[in-house]
Structure formats: structure tokens, C-alpha cells
Amino acid sequence: MTPPPSLTRDLAILTELERKVLWLASWTIHHANHVRENSDGVKVGGHQASSASLATIMTALYFHTLRPADRVAVKPHAAPNFHAIQYLLGRQSRDKLENFRGYKGAQSYPSRTKDTDDVDFSTGSVGLGVAQTLFSSLAQDYVRAHGWALDRPEGRMIALLGDAELDEGNIFEAMLEGWKQGLRNCWWIVDYNRQSLDAVVREGLWQRYENLFRNFGWDVVVLKYGSLQQAAFGEPGGDVLRQWIDRCPNQLYSALVFQGGAAWRKRLLDEIGDQGPVTQLIERRSDDELARLMNNLGGHDLASIIAAFNGIDHDRPVCFIAYTIKGYGLPFAGHKDNHAGLMTPAQMEAFRGAMNIRPDHEWERFEGLTLPEADIQGFLDRVPFARAGERRLQAARIPVPENLAITIQPQMSTQTGFGSLLNEIAREQTPLAARIVTTSPDVTVSTNLGPWVNRRGLFARESLADTFKSERIPSTFNWDFSPKGQHIELGIAEMNLFGALSALGLSHAINGERLLPIGTLYDPFIARGLDALNYACYQDARFILVATPSGITLAPEGGAHQSIAEPLIGMAQDGLAAFEPAFVDELAVILSFALDYIQRAGGDETSERNWLRDETGGSIYLRLSTRPIDQIKRAMTAELRHAIVDGAYWLRQPGPNCQVVVAYSGAVAPEAIQAIGLMAEDRRDVGLLAITSSDRLNAGWTAACRARERGLVHARSHIERLFAGLPRHCGIVSVIDAHPATLAWLGAVGGHRVRPLGVEHFGQTGTVADLYRHYGIDANAIIAAAQAIAPGRPIRYLGAA
Ligand SMILES: Cc1ncc(C[n+]2csc(CCOP(=O)(O)OP(=O)(O)O)c2C)c(N)n1
Ligand SMILES: [Mg+2]
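Run through the packing of helix H6 (residues 128-145) against helix H7 (residues 169-180), naming residues and quoting values.
Taken N-terminus to C-terminus, the directions of H6 and H7 make an angle of 10°; their axes are 9 Å apart at the nearest point. In terms of their interaxial angle, H6 and H7 are classed as roughly parallel. Residues Leu128, Val130, Ala131, Leu134 and Phe135 of H6 form the contact with H7, whose participating residues are Asn170, Ile171, Ala174, Met175, Glu177 and Gly178. Classifying every residue of the contact of H6 with H7 gives 8 nonpolar, 2 polar and 1 charged.

In C-alpha cells, the structure reads:
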């Protein structure tokens, strides 16, 4: 295969650039560990071997194959290559490189939010970035199927992944979903260096992967031999060499790569030397040439890689299995301990010499290159990937009405309320209704998305009618799929839910078209996809997560479905504002806020009104319940609306001599109200605090404390204002259907005694009343707790409930 002349010219430049990427990435890591002042006195680390393994592929990809619309998830430990490439393209500063892994420097792993050099997808937790490309491709198809972004070219969503990353199950969950959804435009390039962090990987895995990918409709391209090897196979004796390579175990190949030319010669001659053609093939080469030949695997051969990329003439998903050498070109190439290995200063000096880099010229873009600077700069100026400038897109905000329509029944659960709110939105032909996309892992109906789906339909690239409907069999749900549908039905994999939300929730930046994604699941199963949720938040994807049912309130569903820790997750998860309303009018206010909040992008500001970072926006988590409770008939005032959004309001205002406050959140509202009513006869002054968001209440308080410590003496948070009039002796009983720690911090705000009630143990089924009594979150338990911490005579109703 002879490349065309233009490619031959480009190949010469690409070869130079590959060396440059390898050098800059290795030097960046070395500099951070051995040159830069490091006050901690410990090595900051970096992964020279892991990065080097992808230097060739990334050179081919970024400088030749990629187009601006393409999006890439780069294997975490190849971040130094990425930063080096962007530096060569003039999109990364030397400062950031010199400060690699340092404060505000280039990030250890590519980060959409913390890096400034145009990272498409963050990576770090292995497997998640890979799946992200798949869901981004589905999101792109969704956007285009709805008639948006058609003036832009379609992008390929590309993951560069380590071979050991394929041990992560979420990749296969995603692959299965991708098959169901008709995945296109997705490439996964496996860095098949046959090494993981600890070890050398099992033999023959690639055949298994190949079968697996093919079974799911992927094209599989194996890049095993480089062009030097392919040429050698054509020489007399070449077939014997090829068979030897094919038989060679991974461990041995790695060990020989590490040992170099003389070791190759000895081993090859011992095993296949026959004084015949293959011996001559070996003996014709010097040790260096022999090592170069044996190291010339497909993933280190620019011409083969480019030919493979250019050879794809369809939009089906493709898996490239590229044989590579971990630590390619570096002294510890192939050594099984090389994962976190750093070159010693002496090794770096030798490498510097080999790369023609003069001391003090390490960062210079053209240092050590043999081709004229003008040719290289000219080439860089023409790199298609870099020509379109800003690749992070913008999309206008979709207006959200302050008052969402809903008819509130006298008794209602928040889950029913959620279904009704979406149903009302679905009725109207508004931009808001058009941009909402819902998704759920097989709990669409049981989380009450049914009415929305009935109106808006299911999404599929190809239409598929509901057979029950066409057969005229009565059914509550209309299950028609079409390209215009607005619900993406997922299989039961919560990881995939968060992957999908993350991709849909970045559509404004990736497709330039805003989507308002809402995902539903049962609250306990947040834990199943937690790392993917964290990942989505880390990427600053924007979505609304609706978790229902929750807590022990799902009573007869039993222990396996109870959620205890999730509100704590809601408080602790950065980028996610959590709410747990009790009443449907609160939910309506929160949903309206949420739909707007997920669209905000106002930088790192803090609003002094509530000390929350509301201008910045983020994602939202709504913890809802299936328990119908009596609704309060009231007018929604601006003040109440603010308070609900900020996290709490007095349902019964305490007086100046308040002895006890009951602070509740969520579905236990009736118990709190009942307890207050019963206590009021023996405690003249009691308060009832309705908490709609322990997360935001807590965040505002923490931010206000910090502001005061910085000298802003008048900074007050919402909870501090609410508690301002409470006498010091007043006790607080907090209650939530979740871990009691969720609200236990309330006592620290004003120095009040708190008895936090909640759920710490799993496992009972029963009625709501049975379980609330069992776990001690019923009215009786609230009164007993009040009695224990608040002064005053015994409360008569104690024990009566
Ligand atoms: C979820 C998760 N678990 C563990 C790690 C730690 N870790 C980082 S890289 C790695 C394995 C690297 O092997 P491979 O994917 O083959 O990459 P290579 O460096 O060989 O290219 C591990 C276990 C991680 N980053 N994420
Ligand atoms: Mg590996």
C-alpha cells in the first residue's frame, strides 16, 4: 500500500509531531516531578508510560483525522498527550503545562470544567468517558431527528480507551443500549498495550472483544502490525516471524520490548532461527533496527493508523483494537511495573539527547525537529480539527413560566404531582415542552412519566407503532416510537441513565441546541449509578433527576427498595441541588426553578440574597414520594416561593418564647403537623419548620459563615434568618424519612439542642404507620424527642398515638 504523495509529505511532518508529542508529554510530567518547586516534597506523579502508549494514535487523530464537530474522550492517563497537542496547536499555554497537576495548572486527567484547552469529555473514573461518547452520539441523533443542528456537520464521538478499561461493566451496559438505539458515529479506539495498572492482561482477549463488538453491530478493525512489520512479513522467512509474533504471549512480548534489540535477537534466533530465510531476515538488521521492527505494532505506525481511519466509509460504530506498547519510546517500555513509573533525571537526559532537545529549550514548539519550522507551522495552521476556532457551543435559554399549571387535589403525593405537572406542560406547544426530553431505565410508568409519554411519544430513529394500539387492545399507555418522540426508554441500567443524562445535559455545548433532560428512577438506585452521576456533575452536564419512591415511605415495597443515604448524597454531591418537598404546590415552584436553574451559566458568583451559587446553575435532584398527603390550600406568594427555593419556611411561626421547633422534610409532613398540634396544648410556643431542601439550606449557611469569616460581617443565610428569633433554650426535633444526619446540623446554626430523628436501618415491610412507628419517625416519636430536649412539663399526649 503506497500512500498518495500528499500523505507521504504529511507523514513526514506527522512523524516529527509524534516525536514532539511524546517529548512534550514526557517532559511535562518530568518537569512537574523533578524541576518545578514542589512544596509538598512528594512526587506529583503522572503517567509517562500510559501516555506514550497513545502518542502515535493521538497524533494521527488530532493532526489528521479529526474534524471540529468530532468529540473525543481521552483516556485519563493520556492527558499529557492531549495538553501537548493543544499546546502545539496554540490552544494551551506554556504556563498551564509547566504547572501540570499543580494549582490551576493543566489537569492530571482531561477535565471539561477545569482545563482551558477545549476538553470535550472529562475522564478519570475509567469506563465512564467511554460510555459518554456513545450517549453523546445518541444525543446528537436525538437533536437532529428533532430538526435541530441540521446546519452543522455530524460529529463522530470518539473514545480513546485503555484495554483494561474494558473490564468496567458500564461499557458493556452502554454497548447493549447503543445496539437497541441504533448507535452511529461512534468510534472506540482501544489502546491495546496488554498492560493494566498492576499487571499484564490475559492472552487472547482481543478475539473475545472482537466477537462481542461484532455481535452488537460494530465494525471491528484490528491494528496489529505496523508497516515495517508488514514489509518484513513479505520478505523470505517473514511468515515464520509473523507466526512467532502471533504466538508470543503478552508477558514475553512486553518483557522483550523492555529488554531491547539484543534480547529480541537472542530470543528469536533461539526459537525460530534455522539458518534459513528467517535467520537472514533477523541478521540483516542491527539491534536497533530489530527493536524498531518488533516495536512497530499497528498502534505505533502512523501510516497504518491513518489508513485504518480513512478506511471507514460508513457511520456504524467502530471499535479499533490498536496494538501498542506501554511506554513506547521510553526506557521503561513494556515493563510491567511502568504504570506509575517516572523517568529518572538520568533517563530524561538520555531521552533529551535522543530527541535533540537543548537544555532550557524544552518547551519550545519547534525544538529538536528536523523539518523546516515554516513547513511544520504551515501544516499546523491547516490542521482541520483546529480551524473552526471555538468548539464549545452556546444555546439560548428556554423561557420557563414561574407558575406551572397544575390542579392540586385535596390529597396528593409528590410523585402524582410530578406526573401532573409534566402532563400539563406536555399539553402546550411551547418551546419549553419541545425541549424537554425524558428518560428512564424501565421505570417510566412506575415513576409517573406515563401521561407525559402518552402525549409526547417515545423516541427512536425509526418509527415503530404500538402493536397493542393497532390491535385495539385497551391499554393505559401509548407506546409509539418515532423520531419526534421525546422520551428515551432505557433498559434497566442506572449507569446508562446517568450516562444519557450527562450527554443530553451537555447538548447545548456540544450540539449548540439546548435540551432540558429529566430522568426518573427509584431513589435507592441512585447508588447503582452513583459514580456516573458524579461524573455527569463533574462535567457540568445539566439535568433534573427525579427519584421516586423514596425512603421507608414506600412501605410495602420493603427493605430492598428503601433509601436511607440518598439525601446525604444530595447534600454532598457538588453540582447537584437537592430538594425534598412535601406538598405539590412546593413541587410546582421547585420544578419551575429547576427548569431554569439547569440553564444558568453565570460563572462562579454567589448571590448575597441567599448565599447560594444560583447564578452558576447546576443540576437538580428531586426526592419524591408515593404517599398521598393532605394538601394545604394557600396562595403562592413571592415570599413563600423564594423560601421554598432557598430551602425552608415556617409552617407555624414560633413566638418569642418558643420552646420547641419541629423541623421536617418531605413525606413525614403529616406526622410533624400532628405532633405540633398535640404538643401545642402543653407547650404554648412551638414552631414548625417545613424544609424543602436541606441541601440548599446547608449550602447557604456554610457560604454565609465563610463570607463572615472573610470579613463580610452582615452576611446572613436563609436558615440563620429563620432561626434569628429563636431563644437559645429552644430545642429542635428534626425528622426526615432518611438518615437523621441530613438535618442534624441545624443545631449548629444558632447553638440549639437538636434531636435528629430519621431512619438508620433497613428492612421492614408494612404500612407507612407500622414503619414510621418501628423506626421512630411518627408523631409519637417526635413528641417523645421534644419532651426529652425541650424544657417544660410532661406532654400529655405522649404515648397516645
Ligand atoms: C473506576 C476506576 N477504578 C480504578 C482506577 C485506577 N486506574 C487508573 S488507570 C487503571 C488501569 C489502567 O489500565 P489501562 O486501562 O489498560 O490503561 P493503560 O495505562 O495501560 O493504557 C486503573 C486501575 C480508575 N482511574 N478508575
Ligand atoms: Mg493497558
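Give me the lowdown on the coordination of the magnesium ion (ligand 2), citing residues and values where you can.
Every protein donor of the magnesium ion (ligand 2) is listed here as Asp163 (OD), Asn193 (OD1) and Gln195 (O), and their distances to the metal cover 1.9 to 2.2 Å. Positions of the donor residues of the magnesium ion (ligand 2) along the chain correspond to the pattern D-x29-N-x1-Q. With a gap of 30 residues between them, aspartate 163 in the loop between strand E2 (157-162) and H7 and asparagine 193 in the loop between strand E3 (186-192) and helix H8 (205-215) connect regions that are remote in the sequence. By relative accessible area, which is 5% here, asparagine 193 ends up buried.

Please set out the site of ligand 1 residue by residue, giving values where relevant.
Around ligand 1 sit 18 residues in total, of which Ser50, Lys75, Asp163, Gln195 and Lys326 are the nearest. Lysine 75 has a polar side-chain atom sitting 2.6 Å from an oxygen atom of ligand 1. Lysine 326 is positioned with one of its side-chain polar atoms (N or O) 2.8 Å from an oxygen atom of ligand 1. In isolation ligand 1 exposes 580 Å². Once the protein is present, 75% of that is buried. Partitioned by chemical class, the residues of the shell around ligand 1 number 3 nonpolar, 9 polar and 6 charged.

Lay out the layout of surface pockets with the relevant residues and their values.
The calculated volume of the second largest pocket comes to roughly 860 Å³. Lining of the second largest pocket is provided by 31 residues; of these, Ala291, Arg292, Asn295, Tyr328 and Gly329 occupy positions nearest its centre. Among the secondary structure elements, those contributing two or more residues to the lining of the second largest pocket are helix H1 (5-35), helix H11 (250-259), helix H12 (261-272), helix H14 (287-295), helix H15 (302-310) and helix H16 (345-354). Here the lining of the second largest pocket is built from residues that sort into 18 nonpolar, 7 polar and 6 charged.

Definitions and cut-offs
- Residues numbered from 1 in each chain as written.
- Chains lettered and ligands numbered in written order.
- Predicted model: local features only at pLDDT ≥ 70, side-chain atom pairs only at ≥ 80, totals over all residues.
- Heavy atoms only, no water.
- Axes fitted to C-alpha atoms, helices over the stretch in contact; angles between N-to-C directions.
- Helix = DSSP H or I, 4+ residues; strand = E, 2+ residues; numbered from the N terminus.
- Parallel < 35°, antiparallel > 145°, perpendicular 65-115°, else oblique.
- Contact = heavy atoms within 4.5 Å.
- Nonpolar A, V, L, I, M, F, W, Y, C, P; charged D, E, K, R; others polar.
- Donors = N, O, S within 2.8 Å, 3.2 Å for Na, K, Ca; no water.
- Buried < 20%, exposed > 50% of the residue type's maximum accessible area, 1.4 Å probe, protein only.
- Near = heavy atom within 4 Å.
- Polar contact = N/O pair within 3.5 Å; in protein donor to acceptor, adjacent residues only side chain to side chain.
- Areas by Shrake-Rupley, 256 points an atom, 1.4 Å probe, with all protein chains shown as cover.
- 1 Å grid on protein atoms, 1.4 Å probe; cavity = no way out; pocket = protein on both sides within 12 Å on 5 of 7 lines; lining within 4 Å.
- Points joined across faces, edges and corners; volume = space filled by probe spheres on them.

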